Amino acid sequence: MRQHIPNLITLLNVFSGCVAVVFAVLNQLDLAALFVFLGIVFDWFDGLAARLLNVQSELGVQLDSLADMITSGLVPGIVMFQLLGMSTSGGWNLEFSASASESILWLGGNFTPLPFVGFLITLASAYRLAKFNIDENQATSFIGLPTPANALLIVSLPLILIYQQNDVLNDLILNQWFLLGLTLLSAFLLNSKVELFALKFKNWGFKENAFRYIFIIVSLVLLLTMKFLAVPMIVLFYLLGSIIGNISKA
C-alpha cells in the first residue's frame, strides 16, 4: 500500500492543475494561482514521501512530470495568454464574459494572434520536462529553471495586479512588451544550461544545507514584507544565488 502513497499525492497535483486550468480559462487568475500553489505543494510532498518511504519508481517519475505539465506548464501559458490579451484590449478585467474574451482576440475588428505567444511557456515547459526525464545529471540539482518556480513567477503577476494596488507595477505588468520579453525569458530559462540548486534535503544538517536554509529564511522575510511582489524577487534570488554558488565552487 505504501508504494501508492506518493502517486496518490501526485494525482492531487494533477487535480489541482485541472482546477487551475478551469479558473485560468475563466480569467479568475487569483483562484488559478491558488490551485497552482496547492499543486506545487503536492509536487514537493510526493517526492518527499517517496524518499521517506523508499518507494521511488519509474512510474512515479513519469507521473510527476505529467502532473507538472498541467499545473506548471499549461496553466502559466493560459495565464500569460490572458495577460497578453488584456494588454492589447484595454486593461485589467477580472470578470469573465463572452464579450471580454472576444475582445482579447479581436482588436479594432481585426484578429490579433499576440495572446497565443503566451503558450511559448507551455511549449518550453513540455520540452524541459521531457529532457528532465531522460537526464541523469539532475538528481541533486537542476539544469535550467524548474517548471514549478517558473509557474509561480508567471501566476504571481495577476496577484500583484489584484492585491498590490500599485499603478506603476500595474502599468508595467500590463505592458505588452514587458509580457513578451518575460515570455521569451521564461522559455529561455526553462531550457538554459544554468545549474540551479534543488530544495532536496538528504538530511537536516545546517552545514550541508546552509544555502537552502538561507534561501528559505530570505524567502519568508520577502513574503512577509513584500507580499506577492516577493515572488519575482525570490525567483531572481534563486537564480543569482545558484550562479554565485556555481562560481564559488569553480
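Each value, and the rule that gives it
- Numbering of residues starts from 1 in each chain and follows the order in which that chain's sequence is written.
- Given that this is a predicted model, residues contribute local features only at a pLDDT of at least 70 and side-chain atom pairs are listed and counted only at 80 or more, while totals for whole chains, interfaces and linings are drawn from all residues.
- Hydrogens and waters are ignored; side-chain quantities use all the structure's heavy atoms.
- Strands are runs of DSSP state E lasting at least two residues, helices are runs of H or I lasting at least four, and both sets are numbered from the N terminus onward.
- Note on contacts: a residue pair is in contact if any heavy atoms of the two residues lie within 4.5 Å.
- Here the Shrake-Rupley method, with its probe set to 1.4 Å, supplies the accessible areas, and only the displayed protein chains count as covering residues.
- Residues enter a nonpolar core if they are buried and are Ala, Val, Leu, Ile, Met, Phe, Trp, Tyr or Cys, with the set joined through side-chain atoms within 4.5 Å.
- Classification of residues uses two cut-offs on accessible area relative to the type maximum, computed with a 1.4 Å probe and protein chains only: under 20% is buried, over 50% is exposed, and between them is partly exposed.
- Working definition: rings of Phe, Tyr and Trp (its six-membered ring) pair if their centres are within 6.5 Å, and the pair is stacked with planes under 30 degrees apart, edge-to-face with planes over 60 apart, and tilted otherwise.
- Patches here: salt-bridge-free residues with over 30% relative accessible area, like charges joined within 9 Å, nonpolar side chains (Val, Leu, Ile, Met, Phe, Trp, Tyr) joined within 5 Å.
- Salt bridges, as used here, are contacts in which a Lys or Arg side-chain nitrogen is within 4 Å of a carboxyl oxygen on Asp or Glu.
- Multiplying one less than the number of residues by 1.5 Å gives the expected span of a helix.
- For the purposes of these results, a polar contact is taken to be a pair of N or O atoms within 3.5 Å, where, inside protein, one atom must be able to donate a hydrogen and its partner to accept one; residues adjacent in sequence count only when each atom of the pair is a side-chain atom.
- Angles shown run from 0 to 180 degrees and are taken between the N-to-C directions of axes, each axis being a line fitted to C-alpha atoms and, for helices, limited to the stretch in contact.
- When an angle is under 35 degrees it counts as roughly parallel; over 145 it counts as roughly antiparallel; between 65 and 115 it counts as roughly perpendicular; any other value is oblique.
- Put simply, a crossing is left-handed when the front helix is turned counterclockwise from the back one by less than a right angle, and right-handed when it is turned clockwise.
- For this classification, Asp, Glu, Lys and Arg are treated as charged, while Ala, Val, Leu, Ile, Met, Phe, Trp, Tyr, Cys and Pro are nonpolar and the rest, including Gly, are polar.

1. Quick notes on the overall build of the protein
In terms of helices and strands, the protein carries 10 helices and 4 strands. If you list the helices and strands of the protein from N to C, you get α-α-α-α-β-β-α-β-α-α-α-β-α-α. Residue pairs in contact within the protein that sit at least 24 positions apart in sequence constitute 74% of those at least 6 positions apart. Accessible area for the protein stands at about 13,000 Å²; split by element, carbon and sulfur atoms hold 72% of it.

2. Some words on the nonpolar core
The nonpolar side chains of a soluble globular protein tend to be buried, and buried together. Of all hydrophobic cores here, the largest spans 47 residues; its most connected members are Val79, Met80, Leu83 and Leu145. Broken down by element, this core gets its largest block of residues, 9 residues, from helix α6 (residues 147-163). Setting aside chain neighbours within four positions, we find Val79 in contact with Ala24, Leu29, Ile154, Val155 and Pro158.

3. Side note on the environment of Leu199
If you trace the backbone, Leu199 turns up in the loop between β4 (195-197) and α9 (210-226). Overall, the relative accessible area of 29% leaves Leu199 in the partly exposed class. The spatial distance from the C-alpha of Leu199 to the C-alpha of Trp44 is 9.0 Å, given a sequence separation of 155 residues. Every residue in contact with Leu199, bar those within four places of it in the chain, is listed here: Trp44, Arg212, Phe215 and Ile216.

4. Quick word on the packing of aromatic side chains
Enumeration according to the criterion identifies 10 aromatic pairs in this entry. When the centroid spacing of 5.1 Å and the interplanar angle of 85° are considered together, the rings of Trp44 and Phe45 count as edge-to-face. Looking at Trp44, the relative accessible area reads 38%, which means it is partly exposed. Consider the rings of Phe197 and Phe215, whose centres lie 5.4 Å apart with planes at 80°: the pair is edge-to-face. Placement of the pair is Phe197 in strand β4 and Phe215 in helix α9, with a sequence separation of 18 residues. Among the aromatic residues, those joined into a ring-pair cluster are Phe197, Phe215, Phe237 and Tyr238.

5. As for the environment of Leu74
As for its placement among the helices and strands, Leu74 is situated in helix α3 (residues 58-89). Sequence spacing of Leu74 and Leu123 is 49 residues, and the spatial spacing of their C-alpha atoms is 8.6 Å. In this structure, Leu74 is in contact with Val21, Met69, Phe119 and Thr122, ignoring residues within four places of it in sequence.

6. What to know about unusual backbone geometry
A positive phi is found at Gln165, a non-glycine position, where the angle reads about 55°. For Gln165, the location among the structural elements is in the loop between α6 and α7 (167-173). According to the relative accessible area criterion, Gln165 is exposed, its value standing at 61%. With a phi angle near 55°, Lys227 is a residue other than glycine that sits in the positive phi range.

7. A closer look at a nonpolar patch on the surface
On the surface, Met233, Leu236, Leu240, Ile243, Ile244 and Ile247 cluster together into a nonpolar patch covering about 550 Å² of accessible area. Residue placement: Leu240 occurs in helix α10 (residues 230-249). Judged by relative accessible area, Leu240 falls into the partly exposed class, the value being 44%.

8. Overview of helix α2 (residues 29-53)
With 25 residues, α2 extends 36 Å between its outermost C-alpha atoms, agreeing within 8% with the 36 Å of an ideal straight helix rising 1.5 Å per residue. Immediately beyond the C-terminal end of α2, within one or two residues, lies Asn54, with a positive phi of roughly 55°.

9. Observations regarding the side chain of Ser87
With respect to the element layout, Ser87 can be found in helix α3. Ser87 gets classed as buried once you look at its relative accessible area, which sits at 17%. A distance of 2.6 Å separates the side chain of Ser87 from the backbone oxygen of Leu84, its partner in a polar contact. Beyond its immediate sequence surroundings of up to four residues, Ser87 is in contact with Leu174, Asn175, Gln176 and Leu179.

10. Digging into the packing of helix α5 (residues 120-134) against α6
Running from N to C, α5 and α6 cross one another at 165°; their axes reach a closest spacing of 11 Å. Between α5 and α6, the crossing angle belongs to the class labelled roughly antiparallel. The element α5 and its partner α6 pack so that their crossing is left-handed. Contacts from Ile121, Ser125, Arg128 and Leu129 of α5 reach α6 at Thr147, Asn150 and Ile154. Residue composition of the contact of α5 with α6, by class: 3 nonpolar, 3 polar and 1 charged.

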